[in-house]
Amino acid sequence: MAERNQPADVRPELIRSTDVEDFQKITGREEQWRFTPLRRLAGLHDGTFTPGGLITRDLQAPAGVTGETVTDADPRVGTVLIPFDRVSAQAWSSAPDAYVLSVPTGAELTEPIRLTVSGAGGRDAAAFGHTVIDVGRGAEASVVLDHRGTVSYADNVEISVGDNAGLMLVSIQDWDGDAVHVQHQKIRLGRDARLRHIVVTLGGSLVRLSTTVEYADRGGDAELLGLYFADTGQHQEHRLVVEHTVPDCRSRVEYRGALQGDEAHAVWVGDVIIRAGATGTDTYELNRNLVLTEGARADSIPNLEIETGEVVGAGHASATGRFDDEQLFYLMSRGIPEHDARRLVVRGFFAGLLARIGDESVSGPLMEAVEARLAKGPN
Amino acid sequence: MATLDIRDLHVSVGTGEEEKEILKGVDLTISAGQTHAIMGPNGSGKSTLAYSVAGHPKYKVTQGSVTLDGEDVLSMTVDERARAGLFLAMQYPVEVPGVSMSNFLRSAATATRGEAPKIRTWVKEMKTAMDVLGMDPAFAERNVNEGFSGGEKKRHEILQLSLLKPAIAILDETDSGLDVDALRAVAEGVNRVSAAGDVGVLLITHYTRILRYITPDFVHVFVDGRIAEEGGPELADRLEADGYERFLKAPA
Ligand SMILES: Nc1ncnc2c1ncn2[C@@H]1O[C@H](COP(=O)(O)OP(=O)(O)O)[C@@H](O)[C@H]1O
Ligand SMILES: [Mg+2]
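Figured I'd write up the structure that's included with this text.

## Examining the overall build of chain A
Piece 1. When you go through chain A residue by residue, the secondary structure sums to four helices and 16 strands.
Piece 2. The C-alpha radius of gyration of chain A comes to 20 Å, within 12% of the 21 Å expected for a compact globule of 379 residues.
Piece 3. The dimensions of chain A, computed from C-alpha atoms along their principal axes, are 60 × 50 × 45 Å.
Piece 4. The buried share of chain A, taken over its 379 residues, is 60%.

So, in structure tokens, the structure goes:
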């Protein structure tokens, strides 16, 4: 796609550009990349990728919702997201087109929109994408964005939730075992807009999701929930930035992850920034990990940066628990087979989070997907 | 009629240099319908015996056999032993965060019975069993043992005993740390299970207190990893009066 640049900033993390060359080469020593196994990125980060991956989109949507493929000349492209790192810029410049999903102003959808993104070609075939989700003023919508298949995929997703609108977005990464996925999602909330954002990461060899939320005006309310299950050899990285720049907005972040098997690695980084002007901010972020076996590792880094004392609340917490041999012995000593014992523990761990989704038609299938993963393992 | 047969059981803990023999040849036979009490001083190896029969990975059987109706218990996994009919009420029940009591109990009942109990009868069964033990129904929604008091944990163990209906139940110091009311509730729970079914009970205890409520058919005195003396209920009375001194002083 064509280039769009904002004036370059001196601090590398503040650079916004669609040009890959505006960004430094990634070495793996950067704070943002130090957890990511670059060797397994299939060259998405340094231009050595092999093209040829195939992405197909399938949209199921109620009447009134439109899904269309556009060029980047479309004014809706680039309004919310301009790439802020090299992979994101690569996705921008290599994406063949952009897909725009629009919910018209005032529409009240009773059925969820399902956008299924299927990849093909395997991990040695790269594909790139760009998606715009535009929820008009006063609209109410649920979107299930479901990623499956196998490919090396880098993409950008920009989401605009209009004034007084409400969006529930469920983003599912149920990739096959060798898929690589690096995604940047950026969400902008209008005045009094509500977002419920649910990330479910189950599959893939390497999944790295960056989610950024910003508020365009007062009264925005973002609830960001995440559930991940990393099995043998999987790397799952979730990075969140919630930037409060305007007064009286709220954010809640809660990610829960379970890990099992050798080299299962989960990384969670949650940055909440409250700028000086964002008085009346109410925020809390929490990450909980449950490590089910030896050999699995969870890194969890919550950050809270506050430039004003006039907040309603600001807090963060992180906790990593272990399912230990004594717990396993206790459950098994009641006749419960080892596999069922682990499932019982994981189910209980996630149930509390899924209950917060509220909509059984959404949470039910998610629990089933988790259980299917537990039953079949990483591939 | 179920019989648990323990023959010349030797058990060690630790590894290599640190390995230490705790059980030094235990012989014991428990049949359904009987209640046995094992009494012994702290550190004599009572819990080691209980955990070894249940299959805790920490304990290594170096010699001897354990069979249930002739089946080799020692070659079974922990869950297989439970499904074969063994139950251990633990001295220190384990907290399992994230798992609700109701899910746990239902999973355990499903596993030991071989099929899931019907929801409606199950809810009733659980409620009745909790009622009998003086447990608040609200416990069903709490996480397994999490934040339970010592007495609540022990009641929960007996609740499981009454729901899982094992062939042989080993109760490891279920009486310790209980106040009189809790002790009575727990003892009544055990007696009810004994009266209702064909269960063999092995009651491990440090004190004679619980034997006022549960009358054993056999008493075994356990000292330094083996049974030092056996008798009927009267042996417990003598221990009450004399303590374990006599056994501890006995030459090796
Ligand atoms: N993991 C272990 N490592 C070393 N010694 C142990 C271990 N577990 C138990 N023991 C020892 O084994 C002995 C018997 O313990 P236990 O079976 O708990 O006795 P009881 O239940 O009769 O009080 C004690 O001396 C105890 O310190
Ligand atoms: Mg003990």
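Back to the write-up after that little detour.
## Details of the interface of chain A and chain B
Piece 1. Across the contact, 16 residues belong to chain A and 32 residues belong to chain B.
Piece 2. Summed over both sides, the interface between chain A and chain B buries roughly 1,900 Å², with carbon and sulfur atoms accounting for 70% of that surface.
Piece 3. Per-residue buried area on chain A facing chain B is highest for A:Phe329, A:Tyr330 and A:Arg334; these three make up 43% of the total on that side.
Piece 4. Summed over the shared surface of chain A and chain B, the result is one salt bridge.
Piece 5. Contributions of two or more residues to the side of chain A that touches chain B are made by helix H2 (325–332) and helix H3 (338–355) of chain A.
Piece 6. Top contributing element to the side of chain A that touches chain B by residue count: H2(A), with six residues.
Piece 7. Split by residue class, the side of chain A that touches chain B holds nine nonpolar, four polar and three charged.

## What to know about the coordination of the magnesium ion (ligand 2)
Residue and element names in this part refer to chain B.
Piece 1. The coordination sphere of the magnesium ion (ligand 2) contains the protein donors Ser 47 (OG) and Gln 91 (OE1), at a distance range of 2.1 to 2.3 Å. With Ser 47 in helix H1 (residues 46–54) and Gln 91 in the loop between strand E6 (86–89) and strand E7 (96–100), this pair connects stretches of sequence that are 44 residues apart.
Piece 2. Taking relative accessible area as the criterion, Gln 91 reaches 14% and is therefore assigned buried.

## Here we look at helix H4 (residues 119–132) of chain B
Residues separated by three or four positions in an α-helix point in the same direction, a consequence of the helix having 3.6 residues per turn.
Residues and elements named next belong to chain B.
Piece 1. Taking 1.5 Å of rise per residue, the 14 residues of H4 would be expected to cover 20 Å, and the 20 Å separating its terminal C-alpha atoms lies within 8% of that figure.
Piece 2. When H4 is considered as a whole, its buried residues turn out to be Trp 122, Met 126, Ala 129 and Met 130. Down the axis of H4, the buried side of the element spans an arc of 100°, and every buried residue falls inside it. Facing away from the buried side of H4 by more than 90 degrees, the exposed set consists of Arg 120, Thr 121, Lys 124, Lys 127 and Asp 131.

## A closer look at the site of ligand 1
Residue and element names in this part refer to chain B.
Piece 1. In the region of ligand 1, the neighbouring residues are Val 13, Lys 20, Ile 22, Pro 41, Asn 42, Gly 43, Ser 44, Gly 45, Lys 46, Ser 47, Thr 48 and Lys 58.
Piece 2. Backbone polar atom of Gly 43 to an oxygen atom of ligand 1: 2.8 Å apart, as the coordinates give it.
Piece 3. Taking Gly 45, its main chain carries an N or O atom lying 3.0 Å from an oxygen atom of ligand 1.
Piece 4. Alone, ligand 1 offers 560 Å² of accessible surface; in the complex the protein occludes 65% of this.
Piece 5. Take the shell around ligand 1: its biggest share by element is three residues, from H1.
Piece 6. Here the residues of the shell around ligand 1 sort into three nonpolar, six polar and three charged.

## Some remarks on unusual backbone geometry
All names here are of chain B.
Piece 1. A positive phi is found at Asn 145, a non-glycine position, where the angle reads about 60°.
Piece 2. Positive phi is not limited to glycine here, since Asp 224 has a value of about 45°.
Piece 3. Tracing the backbone shows Asp 224 in the loop between strand E11 (218–223) and strand E12 (226–231).

## Quick word on the environment of A:Leu14
Piece 1. Of note, A:Leu14 is situated in the segment before strand E1 (54–60).
Piece 2. C-alpha of A:Leu14 to C-alpha of A:Arg347: the two residues are 333 residues apart in sequence and 40 Å apart in space.

## Thoughts on the nonpolar core
Piece 1. In this structure, A:Leu366, B:Leu4, B:Ile6, B:Leu49, B:Leu159 and B:Leu171 are the most contacted members of the largest nonpolar core, which totals 118 residues.
Piece 2. If one sorts the elements of this core by residue count, H3(A) sits on top with eight residues.
Piece 3. Leave out the neighbours within four places in its chain, and B:Leu159 touches B:Met101, B:Leu105, B:Ala129, B:Met130, B:Leu133 and B:Met135.
Piece 4. In this structure, A:Ala107, A:Val143, A:Trp175 and A:Val242 belong to the second largest nonpolar core, which totals 54 residues.

## A word on the sheet that holds strand E1 (residues 3–13) of chain B
Residue and element names in this part refer to chain B.
Piece 1. Spatially, E2-E1-E4-E5 is the arrangement adopted by the four strands of the open sheet, whose pairing is antiparallel. Both edges of this open sheet fall to strand E2 (20–31) and strand E5 (71–72), since each of them pairs with a single strand only.
Piece 2. Alignment of E1 against E2, held across nine bridges, turns out to be antiparallel. Following the sheet pairing, His 10 is matched in E2 by Lys 24.

## Section: the sheet that holds strand E9 (residues 168–172) of chain B
Neighbouring strands of a sheet are bound in pairs by backbone hydrogen bonds; such pairs are parallel or else antiparallel.
Residue and element names in this part refer to chain B.
Piece 1. Ordered by their spatial adjacency, six strands build an open sheet running E6-E9-E10-E3-E11-E12, and the pairing between neighbours is mixed. The two strands at the open ends of the sheet, each matched to only one other strand, are E6 and E12. Along the sheet, successive strands turn relative to each other by an average axial angle of 20°, direction set aside.
Piece 2. Strand direction decides the pairing type here: E9 and strand E10 (residues 200–205), joined by five bridges, are parallel. Residue pairing in the sheet places Asp 172 in a bridge with Ile 204 of E10.

Procedures and definitions
Residues numbered from 1 in each chain as written. Chains lettered and ligands numbered in written order. Predicted model: local features only at pLDDT ≥ 70, side-chain atom pairs only at ≥ 80, totals over all residues. Heavy atoms only, no water. Helix = DSSP H or I, 4+ residues; strand = E, 2+ residues; numbered from the N terminus. Rg over C-alpha atoms; globule rule 2.2 N^0.38 Å. Buried < 20%, exposed > 50% of the residue type's maximum accessible area, 1.4 Å probe, protein only. Contact = heavy atoms within 4.5 Å. Buried area = accessible area lost by both parts, 1.4 Å probe. Salt bridge = Lys/Arg side-chain N within 4 Å of Asp/Glu carboxyl O. Nonpolar A, V, L, I, M, F, W, Y, C, P; charged D, E, K, R; others polar. Donors = N, O, S within 2.8 Å, 3.2 Å for Na, K, Ca; no water. Expected span 1.5 Å × (residues − 1). Arc of directions from axis to C-beta. Near = heavy atom within 4 Å. Polar contact = N/O pair within 3.5 Å; in protein donor to acceptor, adjacent residues only side chain to side chain. Areas by Shrake-Rupley, 256 points an atom, 1.4 Å probe, with all protein chains shown as cover. Core = buried A, V, L, I, M, F, W, Y, C linked by side-chain atoms within 4.5 Å. Pairing = 2+ DSSP bridges. Axes fitted to C-alpha atoms, helices over the stretch in contact; angles between N-to-C directions.

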